[in-house]
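Residue strings, one per chain:
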Amino acid sequence: MARMPSAERRRQLVEAAIRAMTRDGVARTTTRSICAEAGVSLSVFHYCFDSKQALLEAAIESITGNYVARVRNAVVPGATLRETVRGALQTYWDHVTAHPGEHMLTYDLTQYALREPGFEHLARAQYEQYVASATVLLEQVGVRDRESRVPVEVLARYLAAAIDGLTLQFLVLRDPKAAADHLDLTAHQFVSLIEGVERS
């Protein structure tokens with residue numbers, strides 16, 4: 001086996017774990033199957049990670065880190081604030097439709113972490129990252145420069161929850177038309193909140 005820096009080995013194992021868990025589910029994926037997927041020995045795994053929990057944490061960080069990076073690149077100024085927000089949501093949504101298995105994995109990881117004693121913090125960390133990503137999106141569309149009627153922190157949690165629900169609904173129903181309609185409504189609603197439209 002070719003020698004490789006430990007950071008590269010860790011990345012290799014994380015990517016293999018994501019592939020294996022996407023295909024087989026979190027509960028059925030073992031350290032041995034991850035090593036087989038990566039083409040490395042079990043001793044390499046133990047050199048890079050203390051436990052399966054540590055690897056799952058790294059996998060969650062990788063998935064959510066990639067999500068944050070996509071969000072940062074998603075905001076392209078449009079003619080209106082609504083077009084900007086809707087375009088950013090579409091960039092995320094294009095990834096959902098292109099990689100549904102990866103998004104199914106995120107829900108599997110959440111359920112697994114909540115059910116396994118000692119893993120609960122991984123689910124919390126996962127969802128805090130979603131909120132952080134939503135905060136990035138809102139800040140990039142200039143929400144802090146506006147008289148929003150809702151605090152940014154509340155908006156970010158609400159947006160993260162809305163997208164989370166829309167994603168799960170799409171993974172169950174696989175209805176592109178309904179998803180597009182819901183994304184339109186989400187964009188409209190958040191622009192109303194960002195722009196501080198008075199309550200009727």
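Description of the structure in this document. (Residues numbered from 1 in each chain as written. Predicted model: local features only at pLDDT ≥ 70, side-chain atom pairs only at ≥ 80, totals over all residues. Heavy atoms only, no water.)

What to know about the packing of aromatic side chains
Inspection of every chain in the model, using the stated rule, returns six aromatic pairs. Ring geometry for Tyr92 and Trp93: centres 6.2 Å apart, planes at 55°, overall tilted. Residue Tyr92 is classed as buried on the basis of its relative accessible area, which comes to 13%. Arranged with centres 5.6 Å apart and planes meeting at 90°, the rings of Tyr112 and Phe119 form a pair that is edge-to-face. When sorted by exposure, Tyr112 lands in the same class as Phe119, which is buried. Through successive ring pairs, a cluster of aromatic residues spans Tyr92, Trp93 and Phe170. (Phe/Tyr/Trp six-rings, centres within 6.5 Å; stacked < 30°, edge-to-face > 60°. Buried < 20%, exposed > 50% of the residue type's maximum accessible area, 1.4 Å probe, protein only.)

So, the environment of Leu122
With respect to the helices, strands and loops of the structure, Leu122 is situated in helix α7 (residues 120–140). According to the relative accessible area criterion, Leu122 is buried, its value standing at 2%. Excluding its chain neighbours within four sequence positions, the residues that come into contact with Leu122 are Gln53, Leu56, Glu57, Ile60 and Ala113. (Helix = DSSP H or I, 4+ residues; strand = E, 2+ residues; numbered from the N terminus. Contact = heavy atoms within 4.5 Å.)

Brief notes about the packing of helix α4 (residues 52–74) against α7
Where α4 meets α7, the axes come as close as 9 Å, and the angle between the chain directions of the two elements is 10°. In terms of axis orientation, α4 runs roughly parallel to α7. Here Gln53, Leu56, Glu57, Ile60, Thr64, Gly65, Tyr67, Val68, Val71 and Arg72 of α4 come into contact with α7, specifically with His121, Leu122, Gln126, Gln129, Tyr130, Ser133, Val136, Leu137 and Gln140. Looking at side-chain class alone, the contact of α4 with α7 contains nine nonpolar, eight polar and two charged residues. (Axes fitted to C-alpha atoms, helices over the stretch in contact; angles between N-to-C directions. Parallel < 35°, antiparallel > 145°, perpendicular 65-115°, else oblique. Nonpolar A, V, L, I, M, F, W, Y, C, P; charged D, E, K, R; others polar.)

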